[in-house]
Amino acid sequence: MPARTTRGILDRLKSGVVLGAEGYVFELERRGYIKAGPYVPEVVLDSPDALRELHREFLRAGADVMVALTYYAHRGKLKDVGRENDLEAMNRQAVRIANEVAREGDALVAGDICNTWAYDPKNKDASSRVVRAMYEEQLSWAVEEGIDFVIAETNDYLGEALIALEVIKGLKLPAMVTLASTRPHQTWDGYDYVDACKILADHGADIVGMNCDRGPATMMPIIEQVRSRVSGYIAMQPVPYKTEAAMPTFESLKSADGTNIFPIALEPFLCTRFEMADYARRAQALGVNYIGICCGGGPHYVRAMAEALGRTVPASKYSPAIELHPMIGAQVEEKEKEFLVDWKG
Ligand SMILES: [Zn+2]
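One structure accompanies this document, and this report is about it. It should be emphasised that the depicted structure is a prediction, and the values quoted were computed from it without experimental measurement.

## Thoughts on the overall build of the chain
Next up, step 1: Within the chain, the regular secondary structure consists of 13 helices and eight strands.
Next up, step 2: In terms of overall size, the chain behaves like a compact globule, its C-alpha atoms giving a radius of gyration of 20 Å where 345 residues would be expected to give roughly 20 Å.
Next up, step 3: Here the C-alpha coordinates of the chain stretch approximately 75 × 50 × 45 Å along the principal axes.
Next up, step 4: A separation threshold of at least 6 residues defines the contact pool for the chain, and within that pool the share at least 24 residues apart is 74%.
Next up, step 5: When the accessible surface of the chain is split by element, carbon and sulfur atoms take 53% of a total near 15200 Å².
Next up, step 6: For the chain, the distance from the average position of its 39 positive side-chain charges to the average position of its 49 negative side-chain charges is 3 Å.

In structure tokens, the structure reads:
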């Protein structure tokens, strides 16, 4: 196997923005390899080529990190779908596949852990032991298969995020810890999001910030405050949906008739690639260090974001050349253009 990449995450952040890409579970659900609802990444064992392909597409689009698809590959979730016996195999294979594809380019491999749904602040000691054991087993397999750092993400509780951080630091790996933000201002255990990021950074998290739930428009105001309070590296991985003040998260988006559309009828609210490129530029200007995307993300967004950050990536070979389009391109005869306008009414 070729040598592992030489520059680690902290090294890369020191010299500039690191571009992240996530949304594997949502995208592989759309492609027919993961069941919406439980969202357990069964694709890892059932259709590994589909996962390999999506990693490769994100790599070609410019992602600097291959995030192993171990999101929700934890004991609690696997039990929900009757696959607890596949726990170790699923975790190991996800990291192995991320490594295979990372080596096709110069990407890092991140181990990934997330909210467990087992943490309970009312029963903190006992539930913390359960959560810690879940993180320890997942990350021990990940470390054996080879990872460069760990992302602990969509943390609803600061308390649970701190357990993840302790486990990661115990393994002597760089830790990126990001919060979910389903509530207006606070984590589920009552910490203001900005304070929670500061506390995580003070406890030794190398990168802190937010991921998932919010689109760029409603995540940016919180990240601006995080930037002003945290001197270390910060991360932002919004969902590519047009959230707004009245509906700040994609879970709260509703259609015109008031129907809930999360999680599988969100398409009317998707951002364009131009909007995601604009977000990447604004995040860079603000001083966000790890700029990425979460659920709903796809390779076209990542390429647009990479190019907005001034990069040319492998998939840039096929970046749009709309001037060559036969109906709306620059060389179209005037009379044909008139026809188009007429036809559109
Ligand atoms: Zn997400």
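## Section: the coordination of the zinc ion
Next up, step 1: The zinc ion binds to the protein through Cys212 (SG), Cys294 (SG) and Cys295 (SG); the donor distances cover 2.1 to 2.3 Å.
Next up, step 2: Note on Cys212: relative accessible area 7%, which makes it buried.

## What to know about the packing of aromatic side chains
Next up, step 1: Summed over the entire model, instances satisfying the criterion amount to nine aromatic pairs.
Next up, step 2: Centroid distance Tyr157 to Trp188: 5.7 Å. Interplanar angle 85°. Geometry classified as edge-to-face. Taken together, the residues span a long stretch of sequence, with Tyr157 in the loop between strand E4 (149–155) and helix H8 (158–170) and Trp188 in the loop between strand E5 (175–179) and helix H9 (193–202) at a distance of 31 residues.
Next up, step 3: Residue class for Trp188 comes out partly exposed when judged on its relative accessible area of 26%.
Next up, step 4: Through a chain of ring-to-ring contacts, three or more aromatic side chains come together here, namely Phe26, Tyr39, Tyr241, Phe250 and Phe262.
Next up, step 5: The residue whose ring lies beneath Lys77 is Tyr72, and the NZ or CZ to ring-centre distance is 4.4 Å.

## Description of the pattern of salt bridges
Oppositely charged side chains may form a pair once their charged atoms are brought near each other.
Next up, step 1: The final tally for this structure, using the stated rule, is 25 salt bridges.
Next up, step 2: Note that Arg83 and Glu42 form a salt bridge whose closest N and O atoms lie 3.0 Å from each other. Here Arg83, found in the loop between helix H5 (75–80) and helix H6 (87–102), pairs with Glu42, found in the loop between helix H2 (24–30) and helix H3 (43–46); they are 41 residues apart in sequence, far enough to count as distant. The same class applies to Arg83 as to Glu42, namely buried.
Next up, step 3: For Arg56, the salt bridge is made with Glu104, and the minimal N-O distance between the two is 2.8 Å. A residue pair is termed long-range when its members are at least 10 positions apart, and Arg56 in helix H4 (residues 48–60) and Glu104 in the loop between H6 and strand E3 (108–114) qualify at 48 residues.
Next up, step 4: The partly exposed category is assigned to Arg56, whose relative accessible area is 27%.
Next up, step 5: Residue class for Glu104 comes out partly exposed when judged on its relative accessible area of 46%.

## Some thoughts on the pairing of strand E7 (residues 233–237)
Next up, step 1: By the criterion of burial, E7 is predominantly enclosed, with four of the five residues buried.
Next up, step 2: Sheet topology places strand E6 (residues 207–211) next to E7; five bridges connect them, and they run parallel. Across the sheet, residue Met210 finds its bridge partner in E7, namely Met236.
Next up, step 3: For the segment spanning E6, helix H10 (residues 216–229) and E7, crossover handedness is right-handed.
Next up, step 4: Sheet topology places E7 next to strand E8 (residues 290–291); two bridges connect them, and they run parallel. The residue of E8 that forms the bridge with Met236 is Ile291.
Next up, step 5: In this fold, the crossover linking E7 to E8 by way of helix H11 (residues 273–286) has right-handed handedness.

About the cut-offs
- Residues numbered from 1 in each chain as written.
- Predicted model: local features only at pLDDT ≥ 70, side-chain atom pairs only at ≥ 80, totals over all residues.
- Heavy atoms only, no water.
- Helix = DSSP H or I, 4+ residues; strand = E, 2+ residues; numbered from the N terminus.
- Rg over C-alpha atoms; globule rule 2.2 N^0.38 Å.
- Contact = heavy atoms within 4.5 Å.
- Areas by Shrake-Rupley, 256 points an atom, 1.4 Å probe, with all protein chains shown as cover.
- Lys, Arg positive; Asp, Glu negative; His and termini not counted.
- Charge placed at Lys NZ, Arg CZ, Asp CG, Glu CD.
- Donors = N, O, S within 2.8 Å, 3.2 Å for Na, K, Ca; no water.
- Buried < 20%, exposed > 50% of the residue type's maximum accessible area, 1.4 Å probe, protein only.
- Phe/Tyr/Trp six-rings, centres within 6.5 Å; stacked < 30°, edge-to-face > 60°.
- Lys NZ or Arg CZ within 6 Å of the ring centre and 35° of its normal.
- Salt bridge = Lys/Arg side-chain N within 4 Å of Asp/Glu carboxyl O.
- Pairing = 2+ DSSP bridges.
- Right-handed = clockwise from strand over helix to strand, strands pointing away.

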